[in-house]
Number of protein chains: 2
Amino acid sequence: MVLTLEGKDDALLPDFPKGPLQPYRARASFSWKELLLFLEGEEMLRFKRTIFSALENDPLFAQHRGADLPLEKYRELTFLRCKRVFEYDFLSAEDMLQTPLKILAIIHCLGMYDWSLATKYFLHTLVFSSSIYNLGTDRHFMYIPKIFNMEIFGCFALTELSHGSNTKGIQTTAHYDPSSEEFIIHSPDFKASKFWVGNMGKTATHAVVYAQLHTPGGQCHGLHAFVVQIRDPKTLLPMPGVMVGDIGRKLGQNGLDNGFAMFHKVRIPRRDLLNRTGDVTPEGTYVTPFKDDRRRFGASLGSLSFGRVSIMGMSIINLKLALCITIRFSATRRQFGPTDADEIPILEYQMQQWRLLPYLAATYALDHFYKSLFLDLTEFQRGLQTQDRSARQAELGREIHALSSAGKPLASWMVQRGIQECREACGGHGYLAVNRLGELRDDNDPNCTYEGDNNVLLQQTSNYLLGLLDDRTRDGARFESPLKTVDFLEGYPGILSQRFTCPSVGDGWDTTVSLEAYRWLVCYLLQESARELSRQRSLGSSDFDARNNSQVYHCRSLALAFMEFTVAQRFHDTHSPSVPPSLRGVLGRLSALYVLWSLHSHLASLYQGGDASRKEFSLPCKKALGSLLMQLKGDAVALVDVLAPPDFVLDAPIGRADGELYRNLWAAVLQESKVLERASWWPEFSAKKPVVGSLKPKL
Amino acid sequence: MVLTLEGKDDALLPDFPKGPLQPYRARASFSWKELLLFLEGEEMLRFKRTIFSALENDPLFAQHRGADLPLEKYRELTFLRCKRVFEYDFLSAEDMLQTPLKILAIIHCLGMYDWSLATKYFLHTLVFSSSIYNLGTDRHFMYIPKIFNMEIFGCFALTELSHGSNTKGIQTTAHYDPSSEEFIIHSPDFKASKFWVGNMGKTATHAVVYAQLHTPGGQCHGLHAFVVQIRDPKTLLPMPGVMVGDIGRKLGQNGLDNGFAMFHKVRIPRRDLLNRTGDVTPEGTYVTPFKDDRRRFGASLGSLSFGRVSIMGMSIINLKLALCITIRFSATRRQFGPTDADEIPILEYQMQQWRLLPYLAATYALDHFYKSLFLDLTEFQRGLQTQDRSARQAELGREIHALSSAGKPLASWMVQRGIQECREACGGHGYLAVNRLGELRDDNDPNCTYEGDNNVLLQQTSNYLLGLLDDRTRDGARFESPLKTVDFLEGYPGILSQRFTCPSVGDGWDTTVSLEAYRWLVCYLLQESARELSRQRSLGSSDFDARNNSQVYHCRSLALAFMEFTVAQRFHDTHSPSVPPSLRGVLGRLSALYVLWSLHSHLASLYQGGDASRKEFSLPCKKALGSLLMQLKGDAVALVDVLAPPDFVLDAPIGRADGELYRNLWAAVLQESKVLERASWWPEFSAKKPVVGSLKPKL
């Protein structure tokens with residue numbers, strides 16, 4: 001479908017103000033409005049604009065986001081804003097079902113404004129509610145309307161002070177007492193306190209609590225989830241037996257109240273066990289549709305997949321914002337030039353292009369990827385709801401798990417590095433808080449950690465691939481998966497023996513060449529990882545040790561390379577007939593840059609395993625990179641115009657759409673409190689002079 | 001000199017408390033006390049302990065460092081602490097001359113406690129005073145005692161809102177008026193306001209201001225430095241014509257008041273031109289001992305070298321602290337294990353070792369390097385004071401400039417990445433502000449930017465090396481330098497044609513092999529950079545363009561590889577006869593790990609340019625890395641015990657010396673304000689319920 005711009009009202013796609021960015025905008029090879037419409041569609045665009053306008057016109061959102069407020073003030077403000085979002089009720093349940101991407105869109109719009117707000121809202125309305133919905137049964141659905149009218153406020157309590165990644169080690173217990181038909185929730189000691197739980201610090205009234213379920217007679221049935229009331233909604237005071245508090249200041253997202261809770265023999269009714277995967281009869285007998293405890297456990301944690309895909313999106317949003325700020329800055333900041341009198345924008349330097357434009361390409365590629373993976377996930381979730389027990393559904397679950405387990409690390413790390421590069425690329429001005437790059441970096445950081453530590457998660461993906469290889473080696477099973485991301489591996493012996501054919505050094509580089517090299521790389525790393533594992537085992541290592549000692553340089557690289565390739569391939573695949581001719585050029589160049597840049601980081605592996613002549617590869621690869629940077633330089637400003645929220649939301653003086661870098665920055669600095677005022681403590685300098693050496697210690 | 005432990009009092013080297021870290025401490029291959037004494041010497045150790053004890057026993061330092069205080073409070077506290085440091089007067093002028101490393105030591109001790117304090121003190125007592133001392137003449141020395149009794153307070157004002165890296169583009173003017181024998185300091189517009197100046201925001205009374213000097217008749221003589229009074233020391237109110245203020249919150253170091261100043265025709269006496277490199281006669285004639293304006297400019301900026309070496313040290317301090325926290329955490333945090341019941345410390349995982357131990361090795365290597373470079377620099381400064389005009393002195397200046405210009409980027413980036421790795425390696429607990437990793441990251445960040453943007457600075461080093469190559473090609477000049485860091489390049493044609501001989505895959509790897517590979521690498525990158533430059537020129541590029549387009553993949557890599565090699569070589573060189581036999585093992589392993597790990601990041605270049613068989617290199621290299629990690633794992637805790645300041649200064653619950661990770665963290669969380677208290681705004685939840693959809697916007 002080719003979209004045209006005719007008839008689009010100015011409110012939907014307003015022109016940018018004239019100013020110093022104009023020369024770059026005029027040089028763009030495409031229309032930013034056309035690309036934006038093509039990527040988002042009119043309906044989604046209108047939806048986002050509605051949210052942004054509501055925030056911009058509401059005085060509650062008109063002040064600073066809050067990072068420099070005292071902790072309690074910031075949390076109050078975030079809570080009030082969260083409540084206000086309920087009053088706006090941007091998204092109806094029908095809308096949600098019809099256009100699931102709107103669920104992400106609302107989180108991302110709020111997140112662009114402030115992640116504390118978005119996370120607070122997300123944890124309550126999505127994580128808490130979907131845990132109840134997915135892990136519970138009919139008897140729990142009465143909680144759902146209470147969530148959506150804020151009668152109660154929820155949180156998701158899995159990790160403990162001494163256990164995070166190793167969820168099976170969780171120590172909170174739930175003993176069933178048939179005499180009263182209650183569970184007794186208990187923390188054996190402070191190390192078993194639930195810890196890091198978002199919304200738990202000050203606001204949550206209810207928690208989904210994971211605990212080891214024990215039935216009378218002492219049998220432990222493993223981790224189960226329970227709904228536990230932790231505060232009285234009428235007073236926000238803790239329930240008897242619950243010690244609940246705030247874990248304090250974090251590196252970022254300080255509007256969100258992360259908390260802890262210790263339970264001292266807290267009794268809850270039997271019905272508050274979320275019993276989809278296992279239940280206890282009134283008499284105290286444990287019943288489950290799963291034969292295998294590990295399978296039951298896996299199913300009960302399945303709802304974390306949604307979190308990982310969401311985090312990919314949250315990360316990408318952060319990089320979008322950082323790049324808008326930094327590329328607009330780079331196009332207007334002038335420093336040095338061919339002559340002393342003639343300074344040029346720093347975006348003209350190859351170094352600056354090399355630092356920033358690959359991240360811009362990666363943003364477009366990963367933005368496309370997480371959205372498409374989210375749609376795959378909603379298909380999978382529909383299967384869950386309809387009790388689809390087909391092999392395809394099971395395979396789809398495994399594949400999505402593998403993709404989200406490497407996708408989150410890939411995205412969150414890339415964004416972490418990208419924001420840091422942006423911070424540095426803006427020099428000193430990037431270090432000024434008002435320009436927001438620090439806040440973005442701090443708010444993005446937990447994406448590397450929560451919903452699974454990145455390095456730990458990557459093992460899920462390499463295990464998936466190595467498992468497929470095992471199946472093939474042992475049983476001759478084909479490499480194939482519902483989303484076809486592993487199908488190419490079927491040709492792996494042939495791919496590995498392929499000679500790499502290097503393109504001629506022209507001004508172009510066919511992306512299919514890069515993708516072919518990537519296929520080879522993934523096959524090579526798969527083979528090397530399998531070899532390393534069996535080498536470790538042949539040395540007498542246990543399976544535990546063999547796996548641990550094969551991560552560095554092997555399984556870890558395999559998971560990342562597989563993921564980069566999958567992202568690149570999906571981005572490349574979409575750029576054929578469906579793309580309007582006027583956009584093919586720029587999207588093709590972004591795709592080429594992303595795959596080439598990612599591939600370039602694996603150069604050593606390509607040399608090490610391949611038999612292609614070495615110099616044959618590196619030189620054309622670097623030239624092609626240089627040429628792509630040069631070509632994309634003129635499009636860079638228009639490409640961030642596509643990504644940019646309104647100035648009110650972006651909220652960085654050096655990144656405003658008018659490009660008036662210094663005027664905006666100067667104005668922002670002068671608007672801060674007491675800028676020109678003498679410090680209140682001035683007599684400490686002027687009157688109370690130190691007596692030098694008066695306290696000199698004896699050395 | 002072999003130091004023994006006999007007779008050292010417990011106060012100087014107290015034992016660590018018993019606790020969960022004991023098993024690792026018992027496994028160490030060396031005595032941490034012996035290594036600490038060997039590295040620091042007793043006098044320095046005593047000096048540092050004195051400073052730490054003074055801070056620990058002084059109530060003014062007993063509270064939080066301040067990052068969570070309101071901006072004005074934190075700045076007041078930092079100022080009061082700075083004043084208190086004057087009262088302690090830790091370092092006399094004689095001490096300073098006798099043991100110049102004590103100058104760095106005091107900054108680093110204060111910095112370990114809080115960088116805002118250290119920077120505030122450093123900018124006033126060292127940067128401001130040494131600018132006056134180095135750029136001025138006798139007539140300015142009357143300022144020096146006023147600095148050291150805090151009668152005045154100083155700052156160094158070079159950068160402007162629109163000019164940082166390109167200092168020559170600075171727009172502040174100083175017109176000489178012979179009628180009154182005054183200079184008129186003026187900012188033509190707000191973009192020329194001095195900006196980012198530390199201490200200027202609230203406290204400085206005087207500034208060293210860089211401005212374009214104009215004499216009557218309109219001639220401009222380029223950038224010169226002036227002492228300008230900006231505030232009245234009696235009232236801290238701005239002087240007439242000076243608009244001075246605070247630039248606001250930054251990502252870190254918020255106890256330091258960075259500021260801006262605009263000058264409206266501010267008149268200062270003629271004598272306040274810092275006239276070492278150029279002067280104006282009372283009648284208005286410009287006189288200078290330098291014939292070439294560029295040389296004069298270079299000499300006037302020479303004092304920045306001291307800053308760069310100091311920044312290397314500051315960066316390393318940050319990584320020391322981060323590693324102490326993270327390695328102690330890793331040795332006490334248990335997660336997963338061979339069986340569900342038996343969890344092992346995460347330091348036992350190869351992945352965790354691979355993430356952290358190379359940074360530990362790099363810390364030791366770079367710590368040694370910056371100290372030795374600082375001593376080289378003091379030798380050079382002595383030459384400046386004694387008016388040494390020898391060729392050696394000039395060459396020494398160029399060499400130190402090249403080393404500090406790449407040393408600062410190498411150190412600050414390595415530390416930036418290292419702290420980030422530490423933050424992630426501590427998982428969620430690393431994201432909790434109380435554990436300090438965020439503050440360290442934020443406080444370290446400006447090291448990548450100030451005293452020269454890292455990427456811009458690296459060009460100084462590659463230009464130096466390429467210049468030497470030019471001299472050799474054109475004039476047959478030998479590669480040699482006073483500190484001998486470039487002498488090996490004399491053999492470059494031979495080195496380049498050397499075949500790389502791979503060591504056998506044993507449990508060891510001779511560091512000389514790695515160093516030889518590095519020598520080859522530097523020669524190769526030098527050759528490739530020169531080729532790329534001439535290729536660019538042959539395509540018709542101007543010198544400006546040719547240089548800019550040769551940075552990525554060429555000159556930049558050259559500068560970094562040269563620097564890594566120089567650091568590794570110096571660290572390796574010191575570990576021979578002077579090292580006590582009991583310490584040789586561990587220092588040798590640190591040296592081996594640093595060089596191998598650094599080299600490994602250049603694997604692609606080694607393959608690309610070398611003719612050594614590819615697989616011959618990679619496999620033994622990875623095996624040697626794995627083996628070194630395994631060997632150093634048991635020493636890791638003792639190695640951070642050597643680096644760790646007292647708990648009071650380290651101030652991170654998860655990194656305390658007793659290793660009681662959870663007890664310390666739990667205690668710290670419970671001690672924060674209002675942890676268990678209901679939020680003051682609780683009725684906002686309980687009473688004022690939102691009416692969902694009441695504000696629903698029309699889509």
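Here the structure is a predicted model, which is why all the values come from computation and not from measurement.

Caption draft 1: Main features of the packing of aromatic side chains. For the coordinates displayed, the defined rule picks out 53 aromatic pairs over all chains. With 6.4 Å between their ring centres and 20 degrees between their planes, Phe195 of chain B and Phe260 of chain B make a pair best called stacked. Pair noted here: Phe195 of chain B is in strand β4 (residues 194–198) and Phe260 of chain B is in strand β8 (residues 258–263), with a separation of 65 residues, a long-range link. An identical accessibility class is assigned to Phe195 of chain B and Phe260 of chain B; each is buried. Aromatic ring contacts, followed pair by pair, group Phe79 and Phe153 of chain A together with Trp681 and Phe685 of chain B into a single cluster. Over the face of the ring belonging to Phe47 of chain A we find Lys102 of chain A, whose NZ or CZ atom lies 5.0 Å from the ring centre. A cation over an aromatic ring shows up here: Lys689 of chain A above the ring of Phe685 of chain A, its NZ or CZ 3.5 Å from the ring centre.

Caption draft 2: Quick peek at a nonpolar patch on the surface. A surface patch of nonpolar side chains, about 220 Å² in accessible area, is lined by Met243 of chain A together with Leu670 and Leu676 of chain B. Tracing the backbone through its elements, the reader meets Leu670 of chain B in helix α24 (residues 661–671). With relative accessibility at 33%, the residue Leu670 of chain B sits in the partly exposed group.

Caption draft 3: Representation of the relation of the copies chain A and chain B. When chain A is brought onto chain B, the operation consists of a screw motion whose angular component is 180 degrees and whose axial shift is 0.0 Å, with 0.0 Å RMSD remaining. Those values place the two copies in the arrangement expected of a two-fold rotation axis. For chain A, the residue whose C-alpha comes nearest the rotation axis is Ala604 of chain A, separated from it by 2.1 Å.

Caption draft 4: Quick peek at the side chain of Ser481 of chain A. All names here are of chain A. Following the sequence through the fold, Ser481 ends up in the loop between α14 (454–475) and α15 (492–497). Using a relative accessible area of 7% as the deciding quantity, one classes Ser481 as buried. In terms of polar contacts, Ser481 uses its side chain to reach the side chain of Glu399, at 2.6 Å. Of note is the side chain of Ser481, whose polar atom sits 3.3 Å from the backbone nitrogen of Thr485. In this view, Ser481 contacts Glu399, Tyr464, Val486 and Asp487; residues no more than four positions away in its chain are not counted.

Caption draft 5: Representation of the environment of Phe153 of chain A in the model. Among the secondary structure elements, Phe153 of chain A is positioned in the loop between α8 (143–148) and β1 (154–157). A relative accessible area of 0% means that Phe153 of chain A is categorised as buried. The sequence separation of Phe153 of chain A and Gln387 of chain A amounts to 234 residues, and the corresponding C-alpha distance is 29 Å. Setting aside residues up to four positions removed in sequence, Phe153 of chain A forms contacts with Cys82, Lys120, His124, Asn199, Thr203, Ala204, Thr205 and His206 of chain A together with Phe685 of chain B.

Caption draft 6: Seen up close, the environment of Phe336 of chain A. With respect to the helices, strands and loops of the structure, Phe336 of chain A is situated in the loop between α10 (304–332) and α11 (350–385). Given the relative accessible area of 31%, Phe336 of chain A is considered partly exposed. As a C-alpha pair, Phe336 of chain A and Leu251 of chain A span 85 residues in sequence and 36 Å in three-dimensional space. Discounting chain neighbours no more than four positions away, the residues touching Phe336 of chain A are Asp342, Glu343, Ile344 and Tyr349 of chain A together with Ser165, Asn166 and Phe544 of chain B.

Caption draft 7: Just the packing of α11 of chain A against helix α22 (residues 636–643) of chain A, in detail. Residues and elements named next belong to chain A. At their nearest, the axes of α11 and α22 sit 11 Å apart, and the two run at 40 degrees to each other. The angle between α11 and α22 falls in the class oblique. Two packed elements cross with a definite hand, and for α11 against α22 that hand is left-handed. Side by side, α11 and α22 meet where Leu357, Leu360, Thr363 and Tyr364 of the first sit next to Ala636, Leu639, Val640, Val642 and Leu643 of the second. Across the contact of α11 with α22, the residue classes tally to 8 nonpolar, 1 polar and no charged.

Caption draft 8: Broad picture of the state of the cysteines. Residues and elements named next belong to chain A. This structure, assessed with the given rule, holds 0 disulfides over all chains. The structure places no disulfide on Cys422, whose sulfur is separated from the nearest cysteine sulfur, that of Cys426, by 6.6 Å. The exposure class assigned to Cys422 is buried, which follows from its relative accessible area of 1%.

Caption draft 9: Highlighting the pattern of salt bridges. Counted according to the given criterion, the structure contains 84 salt bridges over all chains. The salt bridge partner of Glu160 of chain A is Lys194 of chain A, with a shortest N-O separation of 3.2 Å. Placement of the pair is Glu160 of chain A in the loop between β1 and β2 (173–177) and Lys194 of chain A in strand β4 (residues 194–198), with a sequence separation of 34 residues. For the pair shown, Glu160 of chain A and Lys194 of chain A are each scored as buried. Its salt-bridge partner being Asp58 of chain B, residue Arg84 of chain B comes within 2.8 Å of it at the nearest N-O pair. Residue Arg84 of chain B is found in helix α4 (residues 71–88), and its partner Asp58 of chain B is found in the loop between α3 (42–57) and α4; the two are separated by 26 residues along the sequence. By relative accessible area, which is 23% here, Arg84 of chain B ends up partly exposed. Taken together, the shared-partner salt bridges in this structure form one network comprising Arg423 and Arg441 of chain A together with Asp442 and Asp445 of chain B.

Caption draft 10: Here's a closer look at the interface of chain A and chain B. Facing the 148 residues of chain A at the interface are 148 residues of chain B. Carbon and sulfur atoms make up 62% of the surface buried where chain A meets chain B, a total of about 13400 Å² over both sides. The interface formed by chain A and chain B includes 12 salt bridges. Residue Arg423 of chain A pairs with Asp445 of chain B through a salt bridge whose shortest N-O separation is 2.6 Å. The interface formed by chain A and chain B holds 75 residue pairs in polar contact (both at pLDDT 80 or more) in total. The element best represented in the side of chain A that touches chain B is helix α4 (residues 71–88) of chain A, accounting for 10 residues. For the side of chain A that touches chain B, the residue count by class is 62 nonpolar, 40 polar and 46 charged.

Here is what the cut-offs are and how they apply
- Residues numbered from 1 in each chain as written.
- Chains lettered and ligands numbered in written order.
- Predicted model: local features only at pLDDT ≥ 70, side-chain atom pairs only at ≥ 80, totals over all residues.
- Heavy atoms only, no water.
- Phe/Tyr/Trp six-rings, centres within 6.5 Å; stacked < 30°, edge-to-face > 60°.
- Helix = DSSP H or I, 4+ residues; strand = E, 2+ residues; numbered from the N terminus.
- Buried < 20%, exposed > 50% of the residue type's maximum accessible area, 1.4 Å probe, protein only.
- Lys NZ or Arg CZ within 6 Å of the ring centre and 35° of its normal.
- Patch = residues over 30% accessible without salt bridge, like charges linked within 9 Å, V, L, I, M, F, W, Y side chains within 5 Å.
- Areas by Shrake-Rupley, 256 points an atom, 1.4 Å probe, with all protein chains shown as cover.
- Salt bridge = Lys/Arg side-chain N within 4 Å of Asp/Glu carboxyl O.
- Least-squares fit on C-alpha atoms with pLDDT ≥ 70 in both.
- Polar contact = N/O pair within 3.5 Å; in protein donor to acceptor, adjacent residues only side chain to side chain.
- Contact = heavy atoms within 4.5 Å.
- Axes fitted to C-alpha atoms, helices over the stretch in contact; angles between N-to-C directions.
- Parallel < 35°, antiparallel > 145°, perpendicular 65-115°, else oblique.
- Left-handed = near helix turned anticlockwise from the far one by under 90°.
- Nonpolar A, V, L, I, M, F, W, Y, C, P; charged D, E, K, R; others polar.
- Disulfide = S-S within 2.5 Å.
- Buried area = accessible area lost by both parts, 1.4 Å probe.

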